[in-house]
Amino acid sequence: MNGLAEYLQQRLADSGFAAHRIEPLPAVAGVDRVIAAYGPEPHLAVYAGLRHGGQSLRIGFAAKDRWMNEEVEDAVESNGGDMTEFIEDGMEADDELEFKTQHFHEAGWFHFASDLMKPAAFFATEEGRELAWLYLEGYGKAVLPVLAKAGKEE
């Protein structure tokens with residue numbers, strides 16, 4: 001995924017999430033390597049991570065804090081739809097998302113995440129990078145207000 005990490009890091013630096021970038025990048029379970037992350041704390045992170053030796057991309061929100069996971073679950077239920085619709089609403093997406101949101105627990109981390117199932121070469125294109133940014137930004141727009149309301153965000 002040639003250049004994707006640098007692209008996402010630059011987009012984060014230029015975005016409203018710049019102050020929330022997490023450095024060093026957290027070691028989120030379920031991915032081989034996190035390439036971009038932001039959030040209020042390293043254990044409450046919106047992230048993009050490479051999987052399967054860099055052949056797939058997972059983007060989502062991961063929490064080691066069970067209570068914050070439950071806050072997000074409650075927000076999804078209050079929204080009246082499923083997890084994917086919650087992320088779509090946060091993104092203010094006009095169309096239905098191609099890659100659905102999954103909710104799972106892995107090695108101490110609670111996840112709301114989408115696996116962007118495209119060939120690795122796709123993410124070296126402008127279209128691929130924009131898709132990755134759409135999801136990375138969208139998860140933040142959906143989840144960070146929930147964390148703020150729960151008192152975990154400045």
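This text follows the structure it describes.
Everything quoted here is computed from the prediction, not taken from an experiment.

To continue, consider the pattern of salt bridges. Taken as a whole, this structure holds eight salt bridges when the rule is applied. The salt bridge partner of Glu130 is Arg11, with a shortest N-O separation of 2.9 Å. Taken as a pair, Glu130 in helix α4 (residues 126-149) and Arg11 in helix α1 (residues 4-13) lie far apart in primary sequence, 119 residues in all. With relative accessibility at 32%, the residue Glu130 sits in the partly exposed group. The salt bridge partner of Glu98 is Lys118, with a shortest N-O separation of 4.0 Å. With Glu98 in the loop between α3 (83-91) and β4 (102-106) and Lys118 in the loop between β5 (109-116) and α4, the pair connects residues that are 20 residues apart, well separated along the chain.

What follows deals with the nonpolar core. Core analysis: the largest hydrophobic core is formed by 41 residues, its most contacted members being Leu8, Leu57, Ile59, Phe61, Tyr135 and Leu136. For this core, the leading source of residues is α4, giving 11 residues. Among the nonpolar cores identified, the runner-up in size contains 12 residues, and Val34, Ala37, Ala45 and Ala62 belong to it.

Turning next to α3. Structural remark: α-helix, 3.6 residues per turn; residues separated by three or four positions point the same way. All buried positions along α3 are accounted for by Thr84, Phe86, Ile87, Glu88, Gly90 and Met91. Two or three places before Thr84, at the start of α3, stands the capping residue Asp82, its side-chain oxygen 3.1 Å from that residue's backbone nitrogen. Immediately downstream of α3, the backbone of Glu92 shows phi near 60°, a positive value.

Counting through the fold element by element, Pro24 comes out in the loop between α1 and β1 (33-41). Residue classification places Pro24 among the exposed positions, given a relative accessible area of 68%. Each C-alpha atom, one on Pro24 and one on Ala36, is 9.8 Å from the other, the two residues being 12 residues apart in sequence.

Turning our eyes to something else, we now look at the packing of aromatic side chains. Under the counting rule described, the total for this entry stands at three aromatic pairs. The interplanar angle of 80° and the centroid separation of 5.3 Å between the aromatic rings of Phe122 and Phe123 together place this pair among those described as edge-to-face. As far as the burial class goes, Phe122 and Phe123 line up, both buried. One cation-aromatic arrangement involves Arg66 over Trp67; the distance from NZ or CZ to the ring centre is 4.5 Å. The ring of Phe122 carries Lys118 above its face, with NZ or CZ at 4.9 Å from the centroid.

Our focus in this paragraph is the packing of helix α2 (residues 66-79) against α3. Running from N to C, α2 and α3 point in directions that differ by 85°, and their axes come no closer than 9 Å. Regarding the angle of α2 to α3, the classification is roughly perpendicular. Taken together, the residues of α3 that come into contact with α2 (itself represented by Ala75, Val76 and Asn79) are Met83, Glu85, Phe86 and Asp89. The residue makeup of the contact of α2 with α3, split by class, is four nonpolar, one polar and two charged.

What follows is about the packing of α2 against α4. Packing of α2 against α4 brings their axes to within 10 Å, and their N-to-C directions diverge by 115°. The crossing of α2 and α4 is right-handed. Judged by residue contacts, Met68, Glu71, Val72 and Ala75 of α2 engage Val143, Val146 and Leu147 from α4. When its residues are assigned to classes, the contact of α2 with α4 shows six nonpolar, no polar and one charged.

Analysis parameters
- Residues numbered from 1 in each chain as written.
- Predicted model: local features only at pLDDT ≥ 70, side-chain atom pairs only at ≥ 80, totals over all residues.
- Heavy atoms only, no water.
- Salt bridge = Lys/Arg side-chain N within 4 Å of Asp/Glu carboxyl O.
- Helix = DSSP H or I, 4+ residues; strand = E, 2+ residues; numbered from the N terminus.
- Buried < 20%, exposed > 50% of the residue type's maximum accessible area, 1.4 Å probe, protein only.
- Core = buried A, V, L, I, M, F, W, Y, C linked by side-chain atoms within 4.5 Å.
- Polar contact = N/O pair within 3.5 Å; in protein donor to acceptor, adjacent residues only side chain to side chain.
- Phe/Tyr/Trp six-rings, centres within 6.5 Å; stacked < 30°, edge-to-face > 60°.
- Lys NZ or Arg CZ within 6 Å of the ring centre and 35° of its normal.
- Axes fitted to C-alpha atoms, helices over the stretch in contact; angles between N-to-C directions.
- Parallel < 35°, antiparallel > 145°, perpendicular 65-115°, else oblique.
- Contact = heavy atoms within 4.5 Å.
- Nonpolar A, V, L, I, M, F, W, Y, C, P; charged D, E, K, R; others polar.
- Left-handed = near helix turned anticlockwise from the far one by under 90°.

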